[in-house]
Structure formats: structure tokens, C-alpha cells
Amino acid sequence: MSQLQYAEREVASRPISSVPKKNIGYRIFKRCFDFISSLIVSLILILPMIIISIAIMIKDKGSPFYVQKRVGQNGKQLGIFKFRSMKVGADNLEKMLTPEQLEEYKREFKLEDDPRLIGYKKAGDGSKCFGAVLRRTSLDELPQILFNICIKGDMSVVGPRPLLQEEIEKYYSEVEQAMFKSVKPGLTGYWQAYARNDATYESGNRQKMELYYVENQSILLDLKIIFKTIGSVIKKSGAK
């Protein structure tokens, strides 16, 4: 049984119903775990992060960091920090993408072969160029560990991935939006650990997996997701 099939079976066995009740003890434990673990990891990875920053500035002049506005807990605007995997000016979609690519982006909010990635020169580079490697290995997410989880505390190690406002409005009902916004977004989550690019908005599987976590979150599930994420990154499961 594949990871995606396992996740689909788990989600189907625990139907989503409503916004979960607050568990104060769990939330206190989770914040303590988030702070301590993110501080330790940040100290360990400080040198690799410096090297990645320098590499980005050499390959595509500009800041190595990129702050993107997303929807945070309780609907508050959240600025997530990332290593910049895309070329300067990548936000200008109409200029950087063909009509076909723009349509694909509007449907899934990502591209199979993204020409905006740093190092992209020809069709197919979206899976092997410098920017693609940063994304596939999740190295572009590292700044969130220090800035969003450890210092600002507006993200957690585990939770639904933070979304663009237009994403959440397009793919979630009002009740589902309330559920989604009731928890802190995470560096990784159930969808990312078990399916990632194998579960799409169009199929509805991504939404179900994210909401499954919101309603069933626990210390045990968080640990399960963390270890599964590590395994998925190493094996590159569902990553493109």
C-alpha cells in the first residue's frame, strides 16, 4: 500500500465534522516543543543556511530570502520566510508564464515545470535546476524554522501548510476555512508528509488531508508526521 493510499484510508475512517475543541495542555506542550526543537535545529543548521544564502546571491543577484504573505491562525496575515528559489520578478506571473502555465498555476497554485525557478533555462529544468533542488529537498523552507517557529511563534513544526488567501477561499467552504484557521500553520503536515504533490486540490485529497489533521491533532500524530516527513524528504516521495 502506497503512502497516499494509506493516508486516504485514514482520512476516510475519521470523517471531518467541525472546528475541534481547544486542548490547552496540548497547545502549551506543542509551543514548548516548537521553540526548543526549532532553536536546536537552527543552531545546527546555521552554517548550511549561510552557504545556501551565498549560493543564491551568486546564481541570481538579490536577497537570498523571500517573505510571502499567507493566512495564519485566526485568519491573521502571516509572512513566511523562505530561501528564494525563484528568479527576481517571479511574482509577475503574466510576464514570466505562458497562457498554459498561467492556467495551470491558477488551478493548483504551482507548476510541474516552473520557468521562474533559479537556474531554469529550458523545458524540463523545473525538476533539476538549482531552484528546483532547493524545493525538492525542502531546503527553501529552512528559514521558517528560525524566524517563524522559533522567534515569531506564528508557525508550528506540524500543522496545515500556510495558504494564500485566494487558495483558501477557492478550495475550502466557510466551515472548512474556520477549521483551517483555528490552528497554527506548520512547516510540515499530514498532507505534506504522506502525499505532497501526489494529492491535489483538483482531486480534493489535499483539502481532506489538511482538515483531517486539524480535527485529529495530537502529540502522537505530530510525532508520526515528523518522522514520516523526514523519511519522505530522504526518499523524495511525492516531491517534484
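1. Regarding the overall build of the protein
Part 1: The number of helices and strands found in the protein is eleven helices and four strands.
Part 2: Taking all 240 residues of the protein together, the buried fraction comes to 48%.

2. With respect to the pairing of strand 1 (residues 65–71)
Part 1: For strand 1 and strand 2 (residues 77–83), the ladder comprises seven bridges, and the chain directions are antiparallel. Residue Val-67 lies in a different strand from strand 2, and its bridge partner there is Phe-81.
Part 2: Counting the residues between successive antiparallel strands, the hairpin from strand 1 to strand 2 contains five residues, one of them, Asn-74, with a positive phi of roughly 60 degrees.

3. Considering unusual backbone geometry
Part 1: Even without a glycine there, the phi angle at Asn-74 is positive, about 60 degrees.
Part 2: Considering the arrangement of structural elements, one finds Asn-74 in the loop between strand 1 and strand 2.
Part 3: Its identity as a non-glycine residue notwithstanding, Phe-109 has a phi of 60 degrees, on the positive side.
Part 4: Looking at the element boundaries, Phe-109 is found in the loop between helix 4 (99–108) and helix 5 (130–136).

4. Side note on the packing of aromatic side chains
Part 1: Inspection of the entire model under this criterion finds ten aromatic pairs.
Part 2: A cation over an aromatic ring shows up here: Arg-206 above the ring of Trp-191, its NZ or CZ 3.8 Å from the ring centre.

5. Quick look at the packing of helix 8 (residues 174–181) against helix 10 (residues 205–216)
When two helices pack together, their arrangement is captured by the angle between the axes and the distance separating the axes.
Part 1: Contact geometry for helix 8 and helix 10: axes closest at 9 Å, N-to-C directions at 60 degrees. Viewed along their axes, helix 8 and helix 10 adopt a mutual orientation that is oblique. Once helix 8 is placed against helix 10, the crossing between them reads as left-handed. Contacts from Glu-176, Met-179 and Phe-180 of helix 8 reach helix 10 at Glu-210, Leu-211, Val-214 and Glu-215.
Part 2: When grouped by side-chain class, the residues that make up the contact of helix 8 with helix 10 number four nonpolar, no polar and three charged.

6. A closer look at the side chain of Asp-222
Part 1: Inspection of the secondary structure puts Asp-222 in helix 11 (residues 219–235).
Part 2: Judged by relative accessible area, Asp-222 falls into the buried class, the value being 8%.
Part 3: Apart from the residues lying within four places of it in its own chain, the contact partners of Asp-222 are Tyr-26, Lys-30, Val-158 and Tyr-213.

7. What to know about the nonpolar core
A general feature of soluble globular proteins is that nonpolar side chains tend to end up buried together.
Part 1: Tyr-190, Tyr-213 and Ile-225 are the most contacted members of the largest nonpolar core, which has 28 residues in total.
Part 2: Looking at this core, the elements that each hand over two or more residues are helix 2 (24–59), strand 2, helix 6 (142–152), strand 3 (156–158), helix 9 (190–194), helix 10 and helix 11.
Part 3: Val-71, Leu-102, Phe-109 and Val-214 belong to the second largest nonpolar core, which has 18 residues in total.

8. Let's talk about the confidence of the model for the protein
Low pLDDT marks regions whose predicted coordinates should not be analysed in detail.
Part 1: For the protein, mean pLDDT is 89; residues scoring 70 or higher make up 88% of the total.
Part 2: Here helix 1 (residues 3–13) stands out as the element of the protein with the lowest mean pLDDT, 61, in contrast to strand 3, whose mean of 97 is the highest.

9. Re the pattern of salt bridges
Part 1: Applying the stated criterion across every chain, the model contains eight salt bridges.
Part 2: For Arg-116, the salt bridge identified is with Asp-114, shortest N-O distance 2.8 Å. The same class applies to Arg-116 as to Asp-114, namely buried.
Part 3: Residue Glu-141 pairs with Arg-161 through a salt bridge whose shortest N-O separation is 3.1 Å. Placement of Glu-141 in the loop between helix 5 and helix 6 and of Arg-161 in the loop between strand 3 and helix 7 (165–171) is noted, with a sequence separation of 20 residues between them. Of the two residues examined, Glu-141 and Arg-161, each falls in the buried class.
Part 4: One continuous salt-bridge network, built from bridges that share partners, spans Lys-82, Glu-141 and Arg-161.

10. Some words on helix 2
Part 1: Helix length check: helix 2, at 36 residues, gives a terminal C-alpha distance of 46 Å against a target of 52 Å (1.5 Å per residue), a shortfall beyond 12%.
Part 2: The sharpest bend along helix 2 measures roughly 55 degrees and falls at Leu-45, with the proline Pro-48 sitting one to four residues further on.
Part 3: Its side-chain oxygen at 3.3 Å from the backbone nitrogen of Gly-25, Asn-23 defines the N-terminal cap of helix 2.

What counts as what
- Residues numbered from 1 in each chain as written.
- Predicted model: local features only at pLDDT ≥ 70, side-chain atom pairs only at ≥ 80, totals over all residues.
- Heavy atoms only, no water.
- Helix = DSSP H or I, 4+ residues; strand = E, 2+ residues; numbered from the N terminus.
- Buried < 20%, exposed > 50% of the residue type's maximum accessible area, 1.4 Å probe, protein only.
- Pairing = 2+ DSSP bridges.
- Phe/Tyr/Trp six-rings, centres within 6.5 Å; stacked < 30°, edge-to-face > 60°.
- Lys NZ or Arg CZ within 6 Å of the ring centre and 35° of its normal.
- Axes fitted to C-alpha atoms, helices over the stretch in contact; angles between N-to-C directions.
- Parallel < 35°, antiparallel > 145°, perpendicular 65-115°, else oblique.
- Left-handed = near helix turned anticlockwise from the far one by under 90°.
- Contact = heavy atoms within 4.5 Å.
- Nonpolar A, V, L, I, M, F, W, Y, C, P; charged D, E, K, R; others polar.
- Core = buried A, V, L, I, M, F, W, Y, C linked by side-chain atoms within 4.5 Å.
- pLDDT = per-residue confidence, 0-100.
- Salt bridge = Lys/Arg side-chain N within 4 Å of Asp/Glu carboxyl O.
- Expected span 1.5 Å × (residues − 1).
- Bend = angle between axes of the 7 residues up to and from the residue.
- Polar contact = N/O pair within 3.5 Å; in protein donor to acceptor, adjacent residues only side chain to side chain.

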